Structure formats: structure tokens, C-alpha cells
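# A closer look at the structure
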Amino acid sequence: MSNAAENNVIDSLPELLAHALAMETEAAERYEELADQMETHRKTGVAAIFRRLEKEEKSHLVELTEMCSRYELPHYAPWDFKWTTGESPEAIAIDQVSYRMSVRGAVELALMHERRACDFYAGIAQRASDDEVRILASQFAAEEREHIGWLESCLADCGPDDGAIDDPDPPLSQE
């Protein structure tokens, strides 16, 4: 096992739950923010994808918050989380989204991040020595696989890229 993999081992339920809570919270907030932005730009198809994912993440958060209430969770500074990507694997970076984004582009982007979240949890399940951590991480990975399945079916349904809109007068920062 490499040093990077060894440093990313999560081997206690409170540690796993703290990571899951942070990841799901960031994902829910980001999907909500992205849906709001797309609605502002009348990109209703793209907004619907992000809104559906926001709803899923918020549903997970309700369950997760209840689970977390039974433990004292460790506190992590943003740079101390054991993400293999340097940031929460499920949260889409704002700069990856554009008001010119197509539905297909939104689905592909969300799919990439849901796969990263699944890989994160599956990796924990593989490396953890604690049975409860392995089981719960496997369950979390299975939940992410459900999102992946839904997004893959969306991708099949949306056909070829409908093309991002061309805007000859894009908005400029007001700063």
C-alpha cells in the first residue's frame, strides 16, 4: 500500500461519519446552488438534474444526521479530510458549471462526481480493518451507485449533446 493510501485509511465509525457528513452536506449545498443558478438562467432541464440530486443528498443527510447523533465526531479542518482528490469528491466545483451548460453536460459532470464519491466509499471499505466501518462504507458506496444508475439512464435518455448555447454577450463580473 502506498503512503498516500495509508494516509487515507479511515478505521472508525466516527471518522467515517464525519467524512460522510461533510461530503453529503457539501454535495447537497452545491447541487442546490447549481440548480438555483441554472433556474436563474432558464436552463430548466439542467436545473432539474441538479435539483433531483440535491433532494437525494438532503435525504441522505437526514439519515446520516440521525446516525451521527450517536457518536462524538472528530472535527476536521477542510485540509485535514482524507479525500483522495484534495477536496470532497462529490461536490462539483462552481467553475465547472456554466449557464451555457447542456443537459448532457450536467449529467456527465454529476456522474463523474457521483462516481468519485462511490470510489471514495468503496476504497474505505477495502482498506478499513474495522468490520463496522467496512459494512457502512459499503452501504454508502451502494447508495452512490444508485445515483450513478439514475444518471446513466438520464445520459442514455438525453441522446447526443444538445449543445451549449452560444452567448455573444456573456455576463461579466461586477467586481
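Residues numbered from 1 in each chain as written. Predicted model: local features only at pLDDT ≥ 70, side-chain atom pairs only at ≥ 80, totals over all residues. Heavy atoms only, no water.

### Some details on the overall build of the chain
Helix and strand content of the chain: 5 helices and 0 strands. Starting at the N terminus and walking to the C terminus, you meet the elements of the chain as α-α-α-α-α. For the chain, with 175 residues in total, the buried portion stands at 42%. Of the contacts made within the chain by residues no fewer than 6 positions apart, 81% connect residues no fewer than 24 positions apart. Entry remark: accessible area of the chain is about 9600 Å², with carbon and sulfur atoms responsible for 50%. (Helix = DSSP H or I, 4+ residues; strand = E, 2+ residues; numbered from the N terminus. Buried < 20%, exposed > 50% of the residue type's maximum accessible area, 1.4 Å probe, protein only. Contact = heavy atoms within 4.5 Å. Areas by Shrake-Rupley, 256 points an atom, 1.4 Å probe, with all protein chains shown as cover.)

### Considering the packing of aromatic side chains
Applying the stated rule across the entire model yields 6 aromatic pairs. Here Tyr76 and Phe81 contribute two aromatic rings whose centre-to-centre distance is 5.1 Å and whose plane-to-plane angle is 40 degrees, an arrangement assigned as tilted. We classify Tyr76 as buried; its relative accessible area is 16%. Assessed through its relative accessible area of 16%, Phe81 is described here as buried. Each member of the aromatic cluster is reached from another via a ring pair, and the members are Tyr76, Phe81, Trp83, Phe120, Tyr121 and Phe140. (Phe/Tyr/Trp six-rings, centres within 6.5 Å; stacked < 30°, edge-to-face > 60°.)

### Examining the packing of helix α3 (residues 44-68) against helix α5 (residues 131-157)
Two quantities define a packed helix pair, namely the angle between the axes and the distance from one axis to the other. Taken N-terminus to C-terminus, the directions of α3 and α5 make an angle of 165 degrees; their axes are 12 Å apart at the nearest point. The orientation of α3 with respect to α5, classified from their angle, is roughly antiparallel. As α3 packs across α5, the resulting crossing turns out to be right-handed. Across the interface between the two elements, Ile49, Arg52, Leu53, Glu56, Glu57, His60, Glu63, Leu64 and Met67 of α3 pack against Leu136, Phe140, Glu143, His147, Trp150, Leu151 and Cys154 of α5. The residue makeup of the contact of α3 with α5, split by class, is 9 nonpolar, 2 polar and 5 charged. (Axes fitted to C-alpha atoms, helices over the stretch in contact; angles between N-to-C directions. Parallel < 35°, antiparallel > 145°, perpendicular 65-115°, else oblique. Left-handed = near helix turned anticlockwise from the far one by under 90°. Nonpolar A, V, L, I, M, F, W, Y, C, P; charged D, E, K, R; others polar.)

### Some points on the side chain of Glu114
Mapped onto the secondary structure, Glu114 falls in helix α4 (residues 103-127). No salt bridge forms around the buried Glu114; measuring N to O, its nearest opposite-charge neighbour Arg115 is 9.9 Å away. For Glu114, the contacting residues outside a window of four places in its chain are Tyr31, Leu53, Glu57, Glu90, Glu144, His147, Ile148 and Leu151. (Lys, Arg positive; Asp, Glu negative; His and termini not counted. Salt bridge = Lys/Arg side-chain N within 4 Å of Asp/Glu carboxyl O.)

### Remarks on the confidence of the model for the chain
Mean pLDDT over the chain works out to 86, with 86% of the residues at or above the 70 mark. At the low end of the mean pLDDT range in the chain sits helix α1 (residues 3-7), at 45; at the high end sits α5, at 94. Throughout residues 1-6 the model reports pLDDT below 50, and contacts reaching past four residues in sequence, or to other chains, amount to 4 contacts. (pLDDT = per-residue confidence, 0-100.)

### Observations regarding empty space enclosed by the protein
Empty space among the atoms can be located by rolling a probe the size of a water molecule over them. Following the criterion strictly, the structure yields 1 cavity of 30 Å³ or more and no others. The computed volume of the largest cavity comes to approximately 70 Å³. Elements with a contribution of two residues or more to the lining of the largest cavity: α2 (13-40), α3 and α5. Element by element, the count of residues in the lining of the largest cavity is highest for α3, at 4 residues. Class assignment for the residues of the lining of the largest cavity results in 5 nonpolar, 1 polar and 3 charged. (1 Å grid on protein atoms, 1.4 Å probe; cavity = no way out; pocket = protein on both sides within 12 Å on 5 of 7 lines; lining within 4 Å. Points joined across faces, edges and corners; volume = space filled by probe spheres on them.)

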